[in-house]
Amino acid sequence: MTPDANPLLQRLQPYPFERLRALTAGITPPTAYRPINLGIGEPRHPTPAVLKDALHAAIDDPDGGLSAYPATAGTPALRQACADWLQRRYGVAVDPATQVLPTLGSREALFALAQVVIDPRAFARGDEPVVVCPNPFYQIYEGAALLAGAVPWYAPSDPARNFAVDWDSVPEAVWARTRLVYACSPGNPTGAVMPLAEWERLFALSDRYGFVIASDECYSEIYFRDEPPLGALQAAAALGRRDFARLIMLTSLSKRSNAPGLRSGFIAGDAALIRAFTLYRTYHGSAMSLAVQRASIAAWADEAHVVANRERYRAKFAQVTPLLAEVMDVRLPDAGFYLWARVPPRFGGRTGGDDTDFARELLAQYNVTVLPGSYLARTVDGVNPGAGRVRMALVAAEDECLEAAQRIVRFIRG
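Calculation notes
Residues numbered from 1 in each chain as written. Predicted model: local features only at pLDDT ≥ 70, side-chain atom pairs only at ≥ 80, totals over all residues. Heavy atoms only, no water. Buried < 20%, exposed > 50% of the residue type's maximum accessible area, 1.4 Å probe, protein only. Helix = DSSP H or I, 4+ residues; strand = E, 2+ residues; numbered from the N terminus. Pairing = 2+ DSSP bridges. Contact = heavy atoms within 4.5 Å. Axes fitted to C-alpha atoms, helices over the stretch in contact; angles between N-to-C directions. Parallel < 35°, antiparallel > 145°, perpendicular 65-115°, else oblique. Left-handed = near helix turned anticlockwise from the far one by under 90°. Nonpolar A, V, L, I, M, F, W, Y, C, P; charged D, E, K, R; others polar. Core = buried A, V, L, I, M, F, W, Y, C linked by side-chain atoms within 4.5 Å. Expected span 1.5 Å × (residues − 1). 1 Å grid on protein atoms, 1.4 Å probe; cavity = no way out; pocket = protein on both sides within 12 Å on 5 of 7 lines; lining within 4 Å. Points joined across faces, edges and corners; volume = space filled by probe spheres on them. Salt bridge = Lys/Arg side-chain N within 4 Å of Asp/Glu carboxyl O. Arc of directions from axis to C-beta.

Trainee: I would appreciate a short explanation of the pairing of strand β10 (residues 338-342) in the present structure.
Mentor: Both faces of the sheet carry side chains from a regular strand, because those side chains alternate between them. Among the five residues that make up β10, four are buried, leaving the element largely enclosed by the rest of the structure. Note: β10 against strand β13 (residues 389-393), five bridges, orientation antiparallel. Residue alanine 341 lies in a different strand from β13, and its bridge partner there is valine 390.

Here it is in structure tokens:
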């Protein structure tokens with residue numbers, strides 16, 4: 001760290017994939033097995049033709065390609081496409097001019113929202129603002145809190161309730177200092193979906209303490225039940241909260257449309273927060289290319305590729321989950337493309353299998369990469385809720401995921 005760098009950068013923890021690289025450094029996997037990576041949640045199904053065709057046409061269009069600066073707020077056509085999708089998917093009506101804002105995926109928006117919400121004047125008053133997030137969690141939440149100068153507070157997930165977040169475990173003194181809550185539904189890494197009663201509880205806490213809720217919903221279109229996951233705006237509308245006060249939902253095309261490289265998403269909700277966020281982004285320089293906007297309009301308007309994509313995931317999980325369940329404590333998630341599996345006790349560890357030993361040995365013996373669950377959580381009161389579990393991203397082709405599962409079964413039985 002250079003002397004003139006922001007000292008808050010020193011508070012950031014290594015990213016899970018950096019830790020995984022360090023864990024497996026020096027391992028030479030057996031070349032008899034092709035490498036299969038279940039560690040990173042990067043969609044690998046084909047990007048739909050409707051999106052690629054629209055992108056190609058937009059690049060060649062002198063009025064909609066790369067020859068003009070895009071507006072921070074995006075085109076009215078893109079905001080309308082996002083609002084139309086919200087209406088079709090959730091039955092929720094929003095004003096595309098004031099309650100929708102295109103973003104460069106959901107990750108940068110999740111991070112930047114903390115900069116908008118956390119009031120720096122609190123530090124001058126001796127206050128210490130808090131950002132509450134699930135535990136385990138997506139590490140951007142923690143980084144956003146730390147670089148905004150806030151204190152992260154980790155709300156544990158309850159294995160007995162399919163890893164739903166235990167919001168009631170947060171002390172009242174913490175809620176009183178909370179300025180932002182990150183909710184993730186469907187959850188990463190657990191796949192848990194928040195029901196209406198849980199949203200009602202969180203909204204009541206927001207009303208009482210005045211904090212903003214950021215609902216990360218990027219896995220909402222990959223699900224295994226008949227009923228699609230409930231969204232935050234949908235829950236708010238069902239409870240009569242149609243102004244979406246202190247509520248922002250975030251989503252993207254990365255998982256829904258297999259387009260992580262497009263960097264396209266949007267946020268929607270509280271008009272006052274959208275207005276403040278738009279101002280922030282005007283200075284931040286996060287405007288979406290007009291060509292990407294045109295491709296995004298085509299993607300949000302098409303559901304056929306989303307249904308086909310969901311069926312591919314369902315087929316994979318239907319084969320892989322029961323196979324792994326023969327040797328591990330694992331079950332079908334509510335949604336998302338991860339399996340959150342407990343490591344068998346024979347791999348060591350005080351309360352079960354050791355997730356880091358499991359990941360190292362699996363790679364060393366069978367050339368399969370998984371992510372230790374402890375890397376996706378933080379230790380609180382001596383307990384890391386991700387310890388003893390591994391996250392497996394079933395993003396590869398069906399035959400590759402099935403082969404990985406077969407190797408894991410042989411590894412555990414061996």
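Trainee: Got a minute to help me understand the environment of glycine 269 in this structure?
Mentor: Summarising the element assignment, glycine 269 is placed in strand β9 (residues 265-269). The exposure class assigned to glycine 269 is buried, which follows from its relative accessible area of 0%. The spacing of glycine 269 and leucine 101 is 168 residues in sequence and 9.3 Å in space, taken between C-alpha atoms. What glycine 269 contacts, discounting residues up to four positions off in sequence, is Gln99, Leu233, Phe244, Leu247, Ile248 and Ile274.

Trainee: Would you explain the packing of helix α4 (residues 107-117) against helix α6 (residues 139-147) in this entry?
Mentor: Angle between the axes and distance between the axes: these two values describe a pair of packed helices. Where α4 contacts α6, the two axes come as close as 8 Å, and the packing angle between them is 30°. Taken together, the axes of α4 and α6 lie roughly parallel to each other. Judged by the sense of rotation from one axis to the other, the crossing of α4 with α6 is right-handed. Facing Arg107, Leu110, Phe111, Ala114 and Gln115 of α4, the residues of α6 in contact are Ile140, Tyr141, Gly143, Ala144 and Leu147. By residue class, the composition of the contact of α4 with α6 is seven nonpolar, two polar and one charged.

Trainee: Sorry, what's going on with the nonpolar core here?
Mentor: Generally speaking, soluble globular proteins have nonpolar side chains that are buried together. Counting residues in each nonpolar core, the largest one holds 48 residues, and the members touching the most others are Trp167, Trp175 and Leu202. Ranked by residues supplied to this core, first place goes to helix α3 (residues 76-90) with six residues. Dropping the residues within four chain positions of it, leucine 202 is found in contact with Trp167, Trp175, Val181, Ala183, Met194, Phe211 and Ile213. Grouped together as the second largest cluster of nonpolar side chains are 45 residues, Ile36, Val330, Phe337 and Ala404 included.

Trainee: Where do I start with helix α12 (residues 290-301) in this structure?
Mentor: Along an α-helix, residues three or four positions apart point the same way, because every turn accommodates 3.6 residues. Compared with the 16 Å implied by 1.5 Å per residue over twelve residues, the 17 Å span of α12 between its first and last C-alpha is a close match. Among the residues of α12, Leu290, Ala291, Val292, Gln293, Ala295, Ser296, Ala298, Ala299 and Trp300 are the ones counted as buried.

Trainee: What should I look at first to understand unusual backbone geometry in this one?
Mentor: The phi torsion of most residues other than glycine is negative, and most of the peptide bonds are trans. With an omega dihedral of 0°, the bond running from serine 185 to proline 186 counts as a cis peptide bond. With respect to the element layout, proline 186 can be found in the loop between β6 (178-184) and α8 (196-209). In this structure, the amide linkage connecting asparagine 188 to the following residue, proline 189, adopts the cis form with an omega of 15°. The residue asparagine 258 is not glycine, and still its phi comes out positive at about 55°. If you trace the backbone, asparagine 258 turns up in the loop between α10 (253-256) and β9. For asparagine 258, a relative accessible area of 5% translates into the label buried. Unlike most non-glycine residues, arginine 263 shows phi in positive territory, near 50°. Taking relative accessible area as the criterion, arginine 263 reaches 32% and is therefore assigned partly exposed.

Trainee: Honestly, the packing of helix α13 (residues 304-325) against helix α15 (residues 398-413) in this entry has me stumped. Any pointers?
Mentor: Where α13 contacts α15, the two axes come as close as 9 Å, and the packing angle between them is 5°. Considering the angle they form, α13 stands roughly parallel to α15. Here Ala315, Lys316, Gln319, Val320, Leu323 and Leu324 of α13 lie close against α15, whose contacting residues are Glu398, Cys401, Leu402, Ala405, Gln406, Ile408 and Val409.

Trainee: Before we go on, may I ask you to explain the sheet that holds β6 in this structure?
Mentor: Backbone hydrogen bonds are what pair the strands of a sheet, in a parallel or an antiparallel way. Strand order in this open sheet of eight strands is β2-β9-β8-β7-β6-β3-β4-β5, and the pairing throughout is mixed. The open sheet has two edge strands, β2 (100-103) and β5 (164-165), and neither has a second partner. Bridge count for strand β4 (residues 151-158) against β5 is two bridges, and the pairing is antiparallel. Across the sheet, serine 157 pairs through a bridge with valine 165, a residue of β5. In the packing of α3 onto the sheet, contacts are made with β2, β8 (247-252) and β9, and the angle to β2 comes to roughly 110°.

Trainee: How should the layout of surface pockets be read in this particular structure?
Mentor: Empty space left among the atoms is revealed by rolling a probe the size of a water molecule over them. Within this model, the largest pocket holds a volume of roughly 470 Å³. Around the largest pocket sit 24 residues that line it, and Tyr15, Gly41, Arg107, Tyr138 and Lys255 are the ones nearest its centre. Looking at the lining of the largest pocket, the elements with two or more residues in it are α1 (16-23) and α10. Here the lining of the largest pocket is composed, by residue class, of twelve nonpolar, six polar and six charged.

Trainee: Help me out: how do you make sense of the pattern of salt bridges in this one?
Mentor: Working definition: two side chains of opposite charge can pair if their charged atoms are close together. Summed over the entire model, instances satisfying the criterion amount to 21 salt bridges. Three or more residues joined by partner-sharing salt bridges are found here, namely Arg34, Asp399, Glu403 and Arg407.

Trainee: Would you mind going over α1 with me for this structure?
Mentor: Taken residue by residue, α1 has Pro16, Leu20 and Leu23 as its buried positions. Axial view of α1: buried residues confined to an arc of 60°, hence all on one face. Opposite the packed face of α1, turned more than 90 degrees from it, sit the exposed residues Arg21 and Ala22. At its buried positions, α1 is contacted by α6, α14 (355-366), β11 (368-369) and β12 (371-372).

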